[in-house]
Amino acid sequence: MRRMPGLILLCLPWLCAAQPETARVRALVLTGETDLPYHDWRQTTPFLKGILAGTGRFEVKVLEEVRGVTAATLASHDVLVLNYNGPRWGEATERAVEEFIRSGKGMIAVHGVSYGHFFGMVMKERWTADPAGDPGWTAYADMLGSTWKPENIGHGARHIFPVKWVDTEHPISKGLEPVFMANDELYHRMDLKPNAHVLARAYSDPKTRGTGREEPVIWTTSFGQGRVVHMTLGHDLSAMVQTGFATAFARGAEWAATGKVTLPVRIEAIPSPASGAVRVLAVTGGHSFPTAFFGLFEGYDDIAWTHAGSPREAFTARMAERFDVVVLHDMHEDLAEPQRDNLRRFVESGKGVVSTHHAIVNYTAWPWWHEEVVGGKFFTKATPEHPQSEYKEHVEMVVLPAAGQGAHPILRGVGPLPLVDETYRKMWHSPRITVLMETSHALNDRPVVYIGPHPKARVIYIQPGHGEETLKHPGYRRLVRNAILWAAGR
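How each quantity is defined
Residue indices follow the written sequence of each chain, beginning from 1 at its first position. Since the coordinates come from a predicted model, pLDDT governs what is reported: local features require at least 70, and pairs of side-chain atoms require 80 or more to be given and counted, while whole-chain, interface and lining totals use all residues. Based on all heavy atoms of the structure, the side-chain values leave hydrogens and waters out of the count. Only the six-membered ring of Trp is used, alongside the rings of Phe and Tyr, when aromatic pairs are assigned; centres must lie within 6.5 Å, and planes under 30 degrees apart are stacked while those over 60 apart are edge-to-face, with the rest tilted. The buried label applies to any residue whose accessible area, calculated with a 1.4 Å probe on protein chains only, is under 20% of its type's maximum; exposed applies above 50%, and partly exposed to all values in between. Nine residue types can take part in a nonpolar core, namely buried Ala, Val, Leu, Ile, Met, Phe, Trp, Tyr and Cys, and a core is a set of them joined through side-chain atoms within 4.5 Å. By definition, any uninterrupted DSSP run of H or I lasting at least four residues is a helix, any uninterrupted run of E lasting at least two residues is a strand, and each is numbered from the N terminus. Here, two residues are considered to be in contact whenever any of their heavy atoms come within 4.5 Å of each other. Confidence of the predictor in every single residue is expressed as pLDDT, which spans 0 to 100. Two strands make a pair as long as DSSP finds a minimum of two bridges between them. Axis definition: a line fitted to C-alpha atoms, limited for helices to the stretch in contact. Angles are taken between N-to-C directions and run from 0 to 180 degrees. In this scheme, a helix's expected span is set at 1.5 Å multiplied by one less than its residue total. Our angle categories are set so that under 35 degrees counts as roughly parallel, over 145 as roughly antiparallel, 65 to 115 as roughly perpendicular, and the remainder as oblique. When the near helix sits turned anticlockwise from the far one by under a right angle, the crossing is termed left-handed; a clockwise turn instead gives a right-handed crossing. Each residue gets one label: Ala, Val, Leu, Ile, Met, Phe, Trp, Tyr, Cys and Pro are nonpolar, Asp, Glu, Lys and Arg are charged, and the others, such as Gly, are polar.

**Here's the deal with the packing of aromatic side chains**
Inspection of every chain in the model, using the stated rule, returns 19 aromatic pairs. The interplanar angle of 75° and the centroid separation of 5.8 Å between the aromatic rings of Phe289 and Phe293 together place this pair among those described as edge-to-face. On the accessibility criterion, Phe289 (25% relative accessible area) is partly exposed. Ring geometry for Phe297 and Trp305: centres 5.3 Å apart, planes at 35°, overall tilted. By relative accessible area, Phe297 is classed as buried at 2%. Taken together, the aromatic side chains of Phe289, Phe293, Phe294, Phe297 and Trp305 make up a single cluster linked through ring pairs.

Written out as structure tokens, the structure is:
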């Protein structure tokens with residue numbers, strides 16, 4: 001909280017945690033327009049965006065068609081991220097970029113932007129001077145702080161090498177370990193401009209077809225009142241996933257935008273789940289399933305998941321300490337007594353259960369489970385009291401919110417689900433379940449998604465989930481994620 005005379009400003013916790021004093025940096029990634037088999041922007045651009053967004057410091061947008069951009073397009077941003085290796089943008093757009101930086105804004109440029117059409121080069125068997133005589137973008141070399149003669153363009157064999165910070169007092173490098181490892185191409189023989197200030201170098205070993213010299217790999221330049229950072233690192237995803245690259249890139253982008261660095265001294269390219277993320281145990285076994293099932297838990301910073309391939313591995317004495325929600329995608333009709341006891345304690349402690357698809361067959365020899373917890377049972381065999389349940393694969397079906405349930409948190413953003421999945425019919429359903437989604441398909445019982453009857457635990461059963469088509473459906477993914485968060489009490 002900041003106090004001013006006669007005024008109290010309250011800071012929301014989620015905002016203060018990411019940005020104690022300043023608003024988020026607005027970054028715009030300039031990319032696209034090339035189908036080169038290397039420097040694949042379709043892979044690297046989302047990854048770079050993820051590094052920046054994952055810090056909580058940046059608001060990131062991506063522009064895949066840069067030609068035609070004007071000063072007005074750029075005006076609302078603080079820093080440009082140049083991840084590009086294609087044709088020139090045209091004089092008007094290039095001038096807009098120049099003026100953006102001259103005015104005091106920033107740019108960070110990565111790897112393949114070190115050469116190409118901006119310098120008046122074309123790719124034949126290798127980069128050569130443009131035969132049409134295009135001299136290139138004359139201000140580009142000054143912005144980048146370097147150029148590269150066509151006859152000198154090159155690098156040694158891709159390898160793992162140490163990168164040394166040679167200026168350890170610059171805001172980008174201050175407080176960092178003096179050396180980090182790169183898995184990359186090491187560009188050599190670049191011609192740095194007088195306005196280039198080298199932050200990091202790497203030895204280009206003759207054993208890897210290098211020059212035998214310390215080559216610059218990260219430097220800064222000034223252009224008008226603006227700041228530019230150039231990194232020759234970042235050939236592909238394997239290069240960008242290195243922690244040293246991610247840290248230098250994110251801190252470099254912040255410095256280019258603001259002239260200072262507030263980010264931590266270690267930034268993971270693949271960030272750990274956020275503090276307070278829902279701890280999920282995904283349980284499989286006893287039935288085949290597409291590996292797309294595991295994709296249900298990926299891409300979210302509020303879910304941290306672990307996999308267990310058997311009840312013995314999953315249902316341990318300490319599971320209630322370690323997990324908030326168990327997601328069942330296994331199929332075992334019975335459960336050994338020790339695992340029953342551990343699972344019962346988990347449920348009775350008020351934890352969450354999300355049961356999916358064929359897991360409705362789970363533990364059917366244990367009446368407490370289907371009667372008091374899940375609220376449903378698929379009969380694999382007929383009994384005197386109930387006929388055998390039925391299933392049919394690859395059926396087109398429509399699943400809709402039940403009457404009056406459209407606003408339930410589990411259904412938020414889900415909408416109707418047109419699916420090709422497996423139908424279940426002639427099941428038993430507890431009269432105490434709360435049906436959230438249903439279908440009118442003749443081969444399926446009406447309840448499809450429902451809340452179980454247990455009074456302490458939050459239990460949800462989701463019938464679809466048979467094939468990859470369903471598991472990758474965005475509405476289904478949203479449904480499962482919502483169910484996990486709801487089951488955890490979020």
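So much for the structure itself; the text now carries on.
**Structural notes on the nonpolar core**
Membership of the largest hydrophobic core comes to 42 residues, with the highest contact counts inside it found for Leu52, Val163, Trp165, Ile218, Phe245 and Phe249. Here this core takes nine residues from helix α7 (residues 243-258), the largest share from any one element. Leaving out residues up to four positions away in the same chain, Ile218 has contacts with Trp165, Phe180, His197, Val198, Leu199, Ala200, Val229, His230, Met231 and Ala248. By size, the runner-up hydrophobic cluster in this structure holds 35 residues, among which are Val280, Phe294, Val327 and Val480.

**Considerations on the confidence of the model for the protein**
Across the protein, the average pLDDT comes to 90, with 91% of residues at or above 70. Note that pLDDT drops below 50 for residues 1-20; the model gives that stretch 10 contacts with residues more than four away or on any other chain.

**Side note on the sheet that holds strand β14 (residues 214-223)**
Read from one edge of the open sheet, nine strands run β4-β3-β5-β6-β15-β14-β13-β10-β11, paired in mixed fashion. Each having just a single partner strand, β4 (58-63) and β11 (179-184) make up the two edges of the open sheet. Direction aside, neighbouring strands of the sheet carry axes that sit 20° apart on average. Here strand β5 (residues 79-82) runs beside strand β6 (residues 106-110); their pairing, made up of four bridges, is parallel. Bridged to Leu80 within β6 is Met107. Across the face of the sheet, helix α2 (residues 41-54) comes into contact with β3 (25-30), β4 and β5 while running at roughly 165° to β4.

**Description of helix α4 (residues 91-102)**
Compared with an ideal rise of 1.5 Å per residue, which puts 12 residues at 16 Å, α4 spans 16 Å between its outermost C-alpha atoms and is within 8% of the ideal. Within α4 the residues assigned to the buried category are Thr93, Glu94, Ala96, Val97, Glu98, Phe100 and Ile101. Of the residues trailing α4, Gly104 is marked for its positive phi of about 115°.

**Observations regarding the pairing of strand β25 (residues 447-451)**
Counting buried positions along β25 yields five of five residues, so the element is predominantly enclosed. Where strand β24 (residues 434-438) meets β25, four bridges bridge the pair, whose relative direction is antiparallel. Bridge pairing in β25 places Glu438 opposite Pro447.

**Let's talk about the sheet that holds β25**
Pairing is mixed in the open sheet, where nine strands are placed in the order β17-β16-β18-β19-β26-β25-β24-β21-β22. Looking along the sheet, the strands with just one partner apiece sit at the ends: β17 (303-308) and β22 (417-425). Strand-to-strand twist across the sheet, computed as the mean angle between neighbouring axes with direction ignored, equals 30°. Here β25 pairs with strand β26 (residues 458-462) via three bridges, running antiparallel. Within β26, the residue paired with Ile451 across the bridge is Ile460. Running at roughly 100° to β26, helix α11 (residues 367-374) makes contact with β18 (325-328), β19 (352-356), β25 and β26 of the sheet. Relative to β26, helix α13 (residues 474-487) is tilted by about 165°, and along the sheet it contacts β16 (278-283), β17, β18, β19, β22, β24, β25 and β26.

**What about the environment of Val395?**
By secondary structure assignment, the location of Val395 is in strand β21 (residues 390-401). Assessed through its relative accessible area of 8%, Val395 is described here as buried. Here Val395 is in contact with Leu419, Val420, Asp421, Thr423 and His441, once residues within four sequence places are set aside.

**Topic: the packing of helix α10 (residues 337-348) against α11**
At their nearest, the axes of α10 and α11 sit 12 Å apart, and the two run at 15° to each other. The angle between α10 and α11 places the two elements in the roughly parallel class. When the axes of α10 and α11 are compared, the crossing they make is left-handed. For the pair α10 and α11, the contacting residues are Leu343, Arg344, Val347 and Glu348 in the first and Trp368, Trp369 and Val373 in the second. Along the lines of polarity and charge, the residues of the contact of α10 with α11 split into five nonpolar, no polar and two charged.

**Regarding the packing of α2 against α7**
A pair of packed helices is captured by two measures, namely the crossing angle of their axes and the spacing between those axes. Between α2 and α7, whose axes approach to 10 Å, the crossing angle comes to 70°. With respect to each other, α2 and α7 are oriented roughly perpendicular. Classified by chirality, the crossing of α7 by α2 is right-handed. Counted together, Leu48, Ile51 and Leu52 of α2 and Phe245, Ala246, Phe249, Ala250 and Ala253 of α7 form the full contact between these two elements. Considered class by class, the residues forming the contact of α2 with α7 number eight nonpolar, no polar and no charged.

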